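Inside the fold
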Amino acid sequence: MALTALARQFAAEINNHDWSDAPYRADRAGHDRFVDNRGTKLLTQQEADTVRMNVMWVTAQVLGYQDPSLDLFEFAEACGVNIYTSRGEKSGYISSGVRRNQHGHYAVPGTPDLY
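Residues numbered from 1 in each chain as written. Predicted model: local features only at pLDDT ≥ 70, side-chain atom pairs only at ≥ 80, totals over all residues. Heavy atoms only, no water.

Glancing now at the nonpolar core. Residues Met56, Leu70, Phe75 and Ile94 are the most contacted members of the largest nonpolar core, which totals 23 residues. Looking at this core, the elements with two or more residues in it are α1 (5-16), α2 (45-66) and α3 (72-78). The element contributing the most residues to this core is α2, with 6 residues. When neighbours within four sequence positions are excluded, Met56 is seen to be in contact with Ile14, Leu72, Phe75, Ala76, Cys79 and Val81. (Core = buried A, V, L, I, M, F, W, Y, C linked by side-chain atoms within 4.5 Å. Buried < 20%, exposed > 50% of the residue type's maximum accessible area, 1.4 Å probe, protein only. Helix = DSSP H or I, 4+ residues; strand = E, 2+ residues; numbered from the N terminus. Contact = heavy atoms within 4.5 Å.)

Below, the structure is given as structure tokens:
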């Protein structure tokens, strides 16, 4: 299923952002350190990818709640998150980052984890 226009826009913005110095500065949307004139400490590629994944999950939680047909893997991939295992299969890790209720629906944004 194709992403909604809103999901595509969120994914494009997440994918466009340079996450390598995210913990060290407040950035404008679409930040790119290469056009910045301030030098900051940089994350490793793996650390920056982890920040991107967390941003994707938080955004997907709200999008999935608003639109239960959200394809989480399609959204994650559009955000620039690697969705595949080393064997080339879709990773279950992607699904583990969003909260769902006992019926499999996305949990209400802002609620605690469900057990």
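Following the structure, the description resumes.
The end-to-end C-alpha distance of α1, which contains 12 residues, comes to 16 Å, matching closely the 16 Å that a straight helix rising 1.5 Å per residue would cover. Taken residue by residue, α1 has Ala7, Ala11 and Ile14 as its buried positions. Projected down its long axis, α1 shows its buried positions confined to an angular sector of 65 degrees, all on one face. Looking at the buried positions of α1, the neighbouring elements they touch are α2 and α3. (Expected span 1.5 Å × (residues − 1). Arc of directions from axis to C-beta.)

On to the pattern of salt bridges. Across all of its chains, the model carries 2 salt bridges by this definition. Close ionic contact of Asp49 with Arg52 constitutes a salt bridge, the shortest N to O distance being 4.0 Å. Of the two residues, Asp49 and Arg52 both sit in helix α2, 3 residues apart, roughly one turn of that helix. For Arg52, a relative accessible area of 11% corresponds to the buried category. (Salt bridge = Lys/Arg side-chain N within 4 Å of Asp/Glu carboxyl O.)

Here α2 spans 31 Å end to end across 22 residues, near enough to the 32 Å set by a 1.5 Å rise per residue. For α2, the secondary structure elements touched by its buried residues are α1, α3 and α4 (92-95).

For the rest of this paragraph, the subject is the packing of aromatic side chains. Applying the stated criterion across every chain, the model contains 1 aromatic pair. Judged by centre distance (5.5 Å) and plane angle (65 degrees), the ring pair of Trp57 and Tyr93 falls under edge-to-face. Note that Trp57 is positioned in helix α2 and Tyr93 in helix α4, a separation of 36 residues in sequence. Of the residues examined, Trp57 reaches a relative accessible area of 11% and is grouped as buried. The aromatic ring of Tyr106 is capped on one face by Arg100, whose charged end is 4.2 Å from the ring centroid. (Phe/Tyr/Trp six-rings, centres within 6.5 Å; stacked < 30°, edge-to-face > 60°. Lys NZ or Arg CZ within 6 Å of the ring centre and 35° of its normal.)

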